[in-house]
Every structure is written in C-alpha cells, then in structure tokens.
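# Topology and contacts: notes
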Amino acid sequence: MSMNYAQLDQETRRLMLDEIQTDEREGKLYISPRLSQTGVAEYPQLQRHAAESGTDDSLAASLKQNGRLNATEQRAKPSGGYSIVRVPVTAAETLAEGEFNRFYVRALCRRQMSGGGRLVVHRAKQVQNPRPESEALIGTNPNAQTLLEDLRTNIGVETALGVPKRPNSGLSVQIVKVLVTKN
C-alpha cells in the first residue's frame, strides 16, 4: 500500500528527479545489497521513472520483476558466522517505500526553503504497531536545510534526525502554510 504523498505534484517530482540525478553523479545513490546484478544495473532508471510518473508502489512492482531482487542473502548468526536466508517477501516494498519517501522528503525540504511554510512530520501510512519513537516525531517541525543535509549525507542508513524514521515507519513530511493573522 502506497504512502500518502499529498504534495506529489510536478514540481515535487522535478525536485525528486534532480536529487536522484545528483546522487547518481556523486556516486551516492543507495544500492541495496538485496538487489541482484540486474537490479543494480536497472535500479537508477527505475528510481528515476518512479519519481517522474510513479509512486513507491510502482517502484516496488518494478523491483519484483525480471529477477531484480536476490532470492537469498547472508545473515550474521549471533554465535558467529553466517547463514543463508530467504530475502523477505516485503523486500521490494520496503526498499521502494523507503527510498521514494527519502527523495520526496528531500524535494519538500527544497520547496519549503524556496516557498515558505513549515515542514511538519506526519503519518503518511497507517502501520499496525507504531513505534513510540516514531509517534513522538509526529507534529514536529524539522528545519528544512538541516533535514535535507541529513538525508543527503546519511544514504541508506537511518538519518540523524530520524525523519523518515527507519524502514516501514510510515512517517513523512508535508509543507504547511503559516497563516498570519492581524490583530
């Protein structure tokens, strides 16, 4: 189920695409170890296409096709060594949602910095068991420049600010216009 990207319009898509292309040029586009060789080769194009005209759902559907995901992966054992396990059936959705949302948030940070309003963390997707640390972020107002730099720096890992919070958190941001009233 796709997240609710309420401000996913042409301007946001343009900025998302710009952010993806910047990461590609700088060699910073996150490439999941769960992607097969085919997936690694095709992922940048799939991510660009989703930003241009799709959603995290369409990106996930693309990742599930043509052997783009590995069937198995190594997992460290607590006692040492590794075991081979199946890649979770939700791997495509987790990767697509996480990365699409990160570029969406980066685009909204740029829009807020150039157009005003304020960023507000909100739940963009309902989750069965919301984490308390995610719930605590809802309604907060991250600084757009700080969040943008955090997302640009912390590629493929949890951000320092925690927005978005871990995979499957359902959190994103939106721009809320600030109303000024005269007394």
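Predicted model only: the values in this text are computed from it and were never measured.

### Quick word on the overall build of the protein
- Assigned secondary structure in the protein consists of 6 helices and 4 strands.
- Starting at the N terminus and walking to the C terminus, you meet the elements of the protein as α-α-α-β-β-α-β-α-α-β.
- Here the C-alpha radius of gyration of the protein, 17 Å, is about what a compact globule of 183 residues would show, namely 16 Å.
- Along the first, second and third principal axes, the C-alpha atoms of the protein reach 65 × 35 × 30 Å.
- In the protein, the share of contacts with a sequence separation of at least 24, taken over all contacts with a separation of at least 6, comes to 73%.
- For the protein, the accessible surface area stands at approximately 9,900 Å², while carbon and sulfur atoms represent 49% of it.
- Mean positive and mean negative side-chain charge positions of the protein (24 and 20 charges, respectively) differ by 2 Å.

### Details of empty space enclosed by the protein
- Taken as a whole and judged by the stated rule, the model has 1 cavity of 30 Å³ or more.
- Within this model, the largest cavity holds a volume of roughly 40 Å³.
- Taken together, Asp 23, Tyr 30, Glu 99, Arg 102, Phe 103, Arg 106, Leu 151 and Ile 155 make up the full set of residues lining the largest cavity.
- The greatest single-element share of the lining of the largest cavity, amounting to 4 residues, is contributed by helix α4 (residues 91-115).
- In terms of residue class, the lining of the largest cavity is built from 4 nonpolar, no polar and 4 charged.

### Description of the pattern of salt bridges
- One pass over the structure, following the stated rule, counts 17 salt bridges.
- Its salt-bridge partner being Arg 106, residue Glu 19 comes within 2.6 Å of it at the nearest N-O pair. Residue Glu 19 is located in helix α1 (residues 10-25), and its partner Arg 106 is located in helix α4; the two are separated by 87 residues in the primary sequence. The exposure classification of Glu 19 matches that of Arg 106, with both residues buried.
- Across the salt bridge formed by Arg 123 and Glu 135, the nearest N and O atoms sit 2.6 Å from each other. Here Arg 123 is found in strand β3 (residues 118-123), whereas its partner Glu 135 is found in helix α5 (residues 132-135), with 12 residues between them in sequence.

### Looking at the pairing of strand β1 (residues 72-76)
- Pairing of β1 with strand β2 (residues 82-86) involves 5 bridges; the strand directions are antiparallel. Counted as the bridge partner of Gln 74 is Ile 84 from β2.
- Between the end of β1 and the start of β2, which pair antiparallel, lie 5 residues, with Gly 80 showing a positive phi angle near 110 degrees.

### Observations regarding the nonpolar core
- Counting residues in hydrophobic clusters, the biggest one holds 37 residues, and the most contacted among them are Met 16, Leu 63, Cys 109, Leu 119, Leu 147 and Val 173.
- The element that contributes the greatest number of residues to this core is α4, accounting for 10 residues.

### Brief notes about α4
- For α4, which comprises 25 residues, the first-to-last C-alpha distance of 36 Å matches the rise-based estimate of 36 Å (1.5 Å per residue) to within 8%.
- Just beyond α4, the residue with positive phi is Gly 116, at close to 90 degrees.

### Observations regarding the side chain of His 122
- Considering the arrangement of structural elements, one finds His 122 in strand β3.
- Those residues within four positions of His 122 in sequence are excluded, and the remaining contacts are Asn 4, Ile 138, Gly 170, Leu 171, Ser 172, Val 173 and Gln 174.

### Focus on unusual backbone geometry
- Here the phi dihedral of Asn 66 falls at roughly 55 degrees; this positive angle occurs in a residue that is not glycine.
- With respect to the element layout, Asn 66 can be found in the loop between α3 (56-63) and β1.

The rules behind each value
Residues numbered from 1 in each chain as written. Predicted model: local features only at pLDDT ≥ 70, side-chain atom pairs only at ≥ 80, totals over all residues. Heavy atoms only, no water. Helix = DSSP H or I, 4+ residues; strand = E, 2+ residues; numbered from the N terminus. Rg over C-alpha atoms; globule rule 2.2 N^0.38 Å. Contact = heavy atoms within 4.5 Å. Areas by Shrake-Rupley, 256 points an atom, 1.4 Å probe, with all protein chains shown as cover. Lys, Arg positive; Asp, Glu negative; His and termini not counted. Charge placed at Lys NZ, Arg CZ, Asp CG, Glu CD. 1 Å grid on protein atoms, 1.4 Å probe; cavity = no way out; pocket = protein on both sides within 12 Å on 5 of 7 lines; lining within 4 Å. Points joined across faces, edges and corners; volume = space filled by probe spheres on them. Nonpolar A, V, L, I, M, F, W, Y, C, P; charged D, E, K, R; others polar. Salt bridge = Lys/Arg side-chain N within 4 Å of Asp/Glu carboxyl O. Buried < 20%, exposed > 50% of the residue type's maximum accessible area, 1.4 Å probe, protein only. Pairing = 2+ DSSP bridges. Core = buried A, V, L, I, M, F, W, Y, C linked by side-chain atoms within 4.5 Å. Expected span 1.5 Å × (residues − 1).

Function cannot be read off these values alone, since they describe shape.
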